[in-house]
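Tertiary structure, described
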Amino acid sequence: MAIGLRRGMPDFSGMRAVYAFKVALTVVLSLFTAFLFDLNHTYWALMTVPLIVRPEAGTMVWRSVARMAGTFAGALAGFAIALCFAQSAPQAIGATAILIFLVGYLTRMESGIDAYGYATCGFTALVIVLDTQADPAQAWPLTLARMTETMIPIVCGFVVMLTVFPRSVSDNAATQLGQAQRAVRQLADSVLAQRHPPLAAPEKGVMSAIGAAHTELRSLTYERSRHNWRKPRMASVAHELDRVAVALTAIRFASENIPETAFDIPHLRNTRQVLAALCARIMGDEAAADDLLDAGDEAAALSLEVHASALVPARRVDVAVLEQSLADLASRLAALARARAVLVDAKVALARLPEAPRHVPSTRRYRDRLAAVQYGLRPAIMLILISAIWLATGWKGGNSLAMIVPALSLLLPTIVPRPVRVMAGKALAPGLFSGLCISIGLMMATAHVEGFPALALLMGVTVFVIFFIAGAIQLLPLAIGSMIMISIGLQPSNTPTFSPSTLFNVAATMALLPPAFIIAITVIFPEDHGWLQRHLRRGTTGLLMRMAAPRNHMPRLRFFDEMIDMFSDYASGLDADRPEDAHLIRRARGALVAGLACDRLRNTAADPALPADLGALVPPMLAATRDRVRGRSADLSAFRTLDQAAHDSADPLVRRFLLQAEALRVLLAADLLSPAAGAP
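Here we summarise the structure given alongside this text.

1. Examining the packing of aromatic side chains
Following the criterion strictly, the structure yields eight aromatic pairs and no others. Ring centres 5.6 Å apart and planes at 55° place the aromatic pair phenylalanine 32 and phenylalanine 452 in the tilted group. Placement of phenylalanine 32 in helix 2 (residues 14–36) and of phenylalanine 452 in helix 18 (residues 452–470) is noted, with a sequence separation of 420 residues between them. Residue classification places phenylalanine 32 among the partly exposed positions, given a relative accessible area of 41%. Ring geometry for phenylalanine 79 against tryptophan 140: centres 5.1 Å apart, planes inclined by 65°, an arrangement best described as edge-to-face. Pair noted here: phenylalanine 79 is in helix 4 (residues 57–85) and tryptophan 140 is in helix 7 (residues 139–163), with a separation of 61 residues, a long-range link. In this structure, arginine 243 is placed above the aromatic ring of phenylalanine 560, and the distance from its NZ or CZ to the ring centre is 4.8 Å. We note arginine 589 situated over the ring of phenylalanine 567; from NZ or CZ to the ring centre the distance is 5.6 Å.

Written out as structure tokens, the structure is:
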């Protein structure tokens, strides 16, 4: 219990203090610039800061670029709506709801910078339309003000984050890459050290860790000017870890299909032991470049040896399939070792390698259109409901709530992970209360001071304390809630008119923000456990259907990337100890292996050296795959025909084709790819 309490406590470290100082400095510079130009809506600048300023410079640039693009697009869209429908509030709300739905749809369809940019676009349009209300003459001034006062904290954040104790996102990327590497090694220990690996092997954590590493590497794109830029080398390691994880999954499925006595075959037992030792050497936390290259050479030689052994006609087919999977793993380990060697010491590695492989982080997003429609409808429905209450009752603070609740429904999911979103909504309440108390104290303090330096000191110290305590991503909603209350309730300006009554009216309205946000994410298309199950099941079926399509099938790399993205998104919230969840996790991993097997069969069948009658068996094999993944009974006669024709063939190409088909048949013969466990 003490450990759990310590995990929940803020990290009061020097790094946290530096981050809080930089946020405070950004706020002070933003206020100074806004006062210098005598701008009216300084609270917009204050609310922008916690949404874009992150500890790493690369992440800061990433969010700032998205914020600028989204602000410009949203400002123009909001201006157009306000100009066309300002005389009719219901029409303006309806048009804005349609826009919110569209940007919400695009937010869910994209990832990273695009998602945040679309969400910001919707927020900006909301502000302009709802603040304009029935006066179209205010639309253009509000548009200019919104763009100007959003640009101020972005520019100030650029200056502060890139010059004051700059911190590279490389540190975060390296940490995430190390976690992914340890997760893959844990999977390797589970798969290679035991005869029949447990069904709950840690594959879910592997994909989640690798997905997090790819996300950090996207941020690293914006640090290209840094000396010794490591993104290409780190990306290469991340991609090879992907492939090692898939090779381990293939070994696990192949191991489940061989008899217990086969594990005692000497060469098979020795190969597994050597691979386990190579995994420990190549994925160790501390490894020199030369040692990694030596291990890579050993793995490459082992791959050729085991691959040749699998092609021996006398070898049992099920054992040969496992050998082929082991050979694939050895080949992938060799590539990983070389990628890690280049990352550890490029000079030493490149002296022994002809060239270093250069990959880019996976950017192919799995586009779940149904989830995107639901994501877009959520803030649109909340906007319509709150606006209807506001317009019907004449509620003075209703426009503020109608503005902020849909905006947070768009923005927070792009910042806060799904498992803690409800907790984030709850954290808004103490954040708002803290902001109210702080605002009262600031009102009392500013009554006794004059000039910007005193105000800057008060605001700077306040913001420093907030972000020193609540700067972690898990506590960020608390900081956002505090900044919302301070920004809207205090509204500092060149000619301060602090009003306690206004502050308490704002507090009364904002008290409805946390429950309204929680209702939005838990009642309107809630992304709960059942939702994750349905979308993982649906996504697995759809992607494998496209990969096994008779014509215009998915490219292999695109299938690979989208499967990993889909799995990371939906499987991370499932529990591998629950039978239904365990089946869906295994099914998704099996679908990844099956899809790659379909691609290999298709490529081998296209080889002119393969007999035409054998190549003609691929279409019915793909049809059986499509039937199985849809829960139908699969016709496996094509696999039996191939086994009869090629079982004793001495032709290496025919033998390889047989092993590829057998690897797919094993998955189809079991209930692994069925939408529900135990399907026929």
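2. A short note on the nonpolar core
Within the largest apolar cluster, 113 residues are counted, with the highest numbers of intra-cluster contacts made by Val184, Leu241, Leu248, Leu329, Leu333 and Leu642. The leading source of residues in this core is helix 13 (residues 317–344), at 15 residues. Core analysis: the next-biggest nonpolar cluster, separate from the first, contains 81 residues, Tyr375, Ile386, Leu411 and Ile415 among them.

3. Structural notes on unusual backbone geometry
Of note, phenylalanine 525 is a non-glycine position whose phi angle comes to about 50°, a positive value. Residue placement: phenylalanine 525 occurs in the loop between helix 21 (513–522) and helix 22 (529–547).

4. As for the pattern of salt bridges
By the definition in use, this model includes 24 salt bridges. One salt bridge connects aspartate 290 with arginine 352, and the closest N-O pair in it is separated by 3.5 Å. Linking aspartate 290 in helix 12 (residues 289–310) with arginine 352 in helix 14 (residues 346–352), this pair joins segments that are 62 residues apart in sequence. For arginine 352, a relative accessible area of 39% translates into the label partly exposed. Between arginine 537 and glutamate 580 there is a salt bridge; the shortest N-O distance is 3.1 Å.

5. Let's talk about the packing of helix 13 against helix 28 (residues 652–669)
At their nearest, the axes of helix 13 and helix 28 sit 9 Å apart, and the two run at 90° to each other. It follows from the interaxial angle that helix 13 and helix 28 lie roughly perpendicular. Side by side, helix 13 and helix 28 meet where Val317, Ala320, Val321 and Gln324 of the first sit next to Arg655, Arg656, Leu658, Leu659, Glu662 and Ala663 of the second. The class makeup of the residues in the contact of helix 13 with helix 28 is six nonpolar, one polar and three charged.

6. Points about the side chain of arginine 340
Assignment of secondary structure puts arginine 340 in helix 13. Summary of buried charges: arginine 340 has no salt-bridge partner, and the nearest side chain of opposite charge, aspartate 285, is 6.5 Å away. Filtering out sequence-adjacent residues up to four positions away, arginine 340 remains in contact with Gln181, Val237, Ile282, Met283, Gly284, Asp285, Ala287 and Leu292.

7. Digging into the packing of helix 17 (residues 421–446) against helix 19 (residues 476–490)
One can describe the packing of helix 17 onto helix 19 by two numbers: an axis separation of 6 Å at closest approach and a directional angle of 40°. Relative to helix 19, the element helix 17 lies oblique. Note that helix 17 runs across helix 19; the crossing there is right-handed. Residue composition of the contact of helix 17 with helix 19, grouped by class: 15 nonpolar, seven polar and no charged.

The rules we used
Residues numbered from 1 in each chain as written. Predicted model: local features only at pLDDT ≥ 70, side-chain atom pairs only at ≥ 80, totals over all residues. Heavy atoms only, no water. Phe/Tyr/Trp six-rings, centres within 6.5 Å; stacked < 30°, edge-to-face > 60°. Helix = DSSP H or I, 4+ residues; strand = E, 2+ residues; numbered from the N terminus. Buried < 20%, exposed > 50% of the residue type's maximum accessible area, 1.4 Å probe, protein only. Lys NZ or Arg CZ within 6 Å of the ring centre and 35° of its normal. Core = buried A, V, L, I, M, F, W, Y, C linked by side-chain atoms within 4.5 Å. Salt bridge = Lys/Arg side-chain N within 4 Å of Asp/Glu carboxyl O. Axes fitted to C-alpha atoms, helices over the stretch in contact; angles between N-to-C directions. Parallel < 35°, antiparallel > 145°, perpendicular 65-115°, else oblique. Contact = heavy atoms within 4.5 Å. Nonpolar A, V, L, I, M, F, W, Y, C, P; charged D, E, K, R; others polar. Lys, Arg positive; Asp, Glu negative; His and termini not counted. Left-handed = near helix turned anticlockwise from the far one by under 90°.

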